[in-house]
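A structural walkthrough
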Amino acid sequence: FFFLMIRRPPRSTQSRSSAASDVYKRQVSSIVLGGRRRLHYVFEDKTEMTEEYDLKTHELLVRKWKKPSTFKETAWEFEIGEPPQKAAKEDEVLIVSTQNPIFVRKDAEGIFQFRIRNLTYPADVYEVNVDEEKQLIIVSTKNKKYFKRIEVPDIKRLEIPLEPKKLDWAYKNNTLVISYPKPDQVLKHEEYLEEEFEKLNKKKPKEGDIESITCLLYTSDAADDLLCVDLGGRRIIKKK
């Protein structure tokens, strides 16, 4: 498998003014599997992140995280996409109901998008708002039968406040779809990755190929004159 360990230079060697202009290039290895380009990161605190992109369209299909543990193997937490369904074993007495509400994030072009399936109440029962104090999207029903808090990790990492007026939602076919526009920082980062992926696709990658992708990593707090996306405490940026 492939790993990238990203380490922050000692703070004693950086002043805030000099850090604002320090950009460190890192090579991220990826592997082509099942029509997807899979990138895997290991951060300084041993947290792992895996992203999977459609090989042709470059759509981000999966982003998942695993926190380090000294006691037992921890499960992957899916930020985008959903875990594969496990087949029920013959000797299992209890299985998860397929009628329970299912939450999944699957972004569309230019927007973060969250879907909650298997919601059977009429459309006028749902309320979707922004908790500006806690910076969460709140989904509730007037009959008090359903309640969910939704965090937008990309917004939180960028330390950008959620704006209630930008929130949009719709209900159809027992599914609540919640949308929020991606900020410029995220769009610029996606544009940069698409350019890198197009370069790799010109080499006509095959199943199992190992690739190397150049990422720009910013190792300090976000600077006003840079566009950046913070992933796990490390900032991937592209200059204006």
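I will try to describe carefully the structure that is included in this document. Just so it is clear, the structure is predicted and the values come from calculations on it, not from any experiment.

**Considerations on the pairing of strand S5 (residues 60-66)**
With six of its seven residues buried, S5 lies for the most part within the structure. As paired strands, S5 and strand S6 (residues 77-80) are joined by three bridges and run antiparallel to one another. Paired with Lys 64 across the bridge in S6 is Phe 78.

**Observations concerning unusual backbone geometry**
The phi dihedral of His 58 is positive, around 70 degrees, even though this residue is not glycine. By secondary structure assignment, the location of His 58 is in the loop between strand S4 (48-54) and S5. The phi dihedral of Glu 159 falls on the positive side, at around 60 degrees, and the residue is not glycine. Relative to the helices and strands, Glu 159 resides in the loop between helix H2 (153-158) and strand S12 (168-172).

**Side note on the layout of surface pockets**
Of the pockets and cavities examined, the second largest pocket occupies roughly 380 Å³. His 58, Glu 59, Leu 60, Lys 182 and Glu 190 are, among the 22 residues lining the second largest pocket, the residues nearest its centre. Listing elements by their share of the lining of the second largest pocket, those giving two or more residues are S4, S5 and helix H3 (184-201). Residues of the lining of the second largest pocket, tallied by class, amount to nine nonpolar, three polar and 10 charged.

**Details of the sheet that holds strand S11 (residues 147-150)**
Strand order in the open sheet made by the three strands is S9-S10-S11, with antiparallel pairing throughout. This sheet does not close on itself; its edge strands, each paired only once, are strand S9 (126-131) and S11. Taken over all neighbouring pairs, the strand axes of this sheet differ in orientation by 20 degrees on average, direction set aside. Where strand S10 (residues 136-141) and S11 come together, four bridges link them in antiparallel fashion. Looking across to S11, one finds that Val 139 is bridged to Lys 148.

**Topic: the environment of Lys 67**
Residue position: Lys 67 is located in the loop between S5 and S6. With 10 residues separating them along the chain, Lys 67 and Glu 77 place their C-alpha atoms 8.6 Å apart. Ignoring anything within four residues of it in the chain, the contact list for Lys 67 reads Thr 74 and Glu 77.

**Some points on the packing of aromatic side chains**
Across all of its chains, the model carries four aromatic pairs by this definition. Relative to Phe 197, the ring of Tyr 53 lies with its centre 4.9 Å away and its plane at 65 degrees, an arrangement referred to as edge-to-face. Of this pair, Tyr 53 sits in strand S4 while Phe 197 is found in helix H3, placing the two residues 144 residues apart along the sequence. As far as burial versus exposure is concerned, Tyr 53 and Phe 197 are alike and both buried. Through a chain of ring-to-ring contacts, three or more aromatic side chains come together here, namely Tyr 121, Tyr 126 and Tyr 171. The side chain of Lys 64 reaches across the aromatic face of Trp 76, ending 4.9 Å from its centre.

**Digging into the nonpolar core**
Grouped together as the largest cluster of nonpolar side chains are 20 residues, with contacts concentrated most on Ile 137, Val 139, Leu 176 and Ile 178. Elements that contribute at least two residues to this core include exactly strand S8 (111-117), S9, S10, H2 and strand S13 (175-181). Setting aside residues no more than four positions away along its own chain, Leu 176 makes contact with Phe 114, Arg 115, Ile 116, Leu 119, Tyr 126, Val 128, Val 139, Trp 169, Ala 170 and Tyr 171. Counting 14 residues, the second-largest nonpolar core is a separate cluster that includes Tyr 53, Trp 65, Tyr 192 and Leu 200.

Rules of the game
- Residues numbered from 1 in each chain as written.
- Predicted model: local features only at pLDDT ≥ 70, side-chain atom pairs only at ≥ 80, totals over all residues.
- Heavy atoms only, no water.
- Buried < 20%, exposed > 50% of the residue type's maximum accessible area, 1.4 Å probe, protein only.
- Helix = DSSP H or I, 4+ residues; strand = E, 2+ residues; numbered from the N terminus.
- Pairing = 2+ DSSP bridges.
- 1 Å grid on protein atoms, 1.4 Å probe; cavity = no way out; pocket = protein on both sides within 12 Å on 5 of 7 lines; lining within 4 Å.
- Points joined across faces, edges and corners; volume = space filled by probe spheres on them.
- Nonpolar A, V, L, I, M, F, W, Y, C, P; charged D, E, K, R; others polar.
- Axes fitted to C-alpha atoms, helices over the stretch in contact; angles between N-to-C directions.
- Contact = heavy atoms within 4.5 Å.
- Phe/Tyr/Trp six-rings, centres within 6.5 Å; stacked < 30°, edge-to-face > 60°.
- Lys NZ or Arg CZ within 6 Å of the ring centre and 35° of its normal.
- Core = buried A, V, L, I, M, F, W, Y, C linked by side-chain atoms within 4.5 Å.

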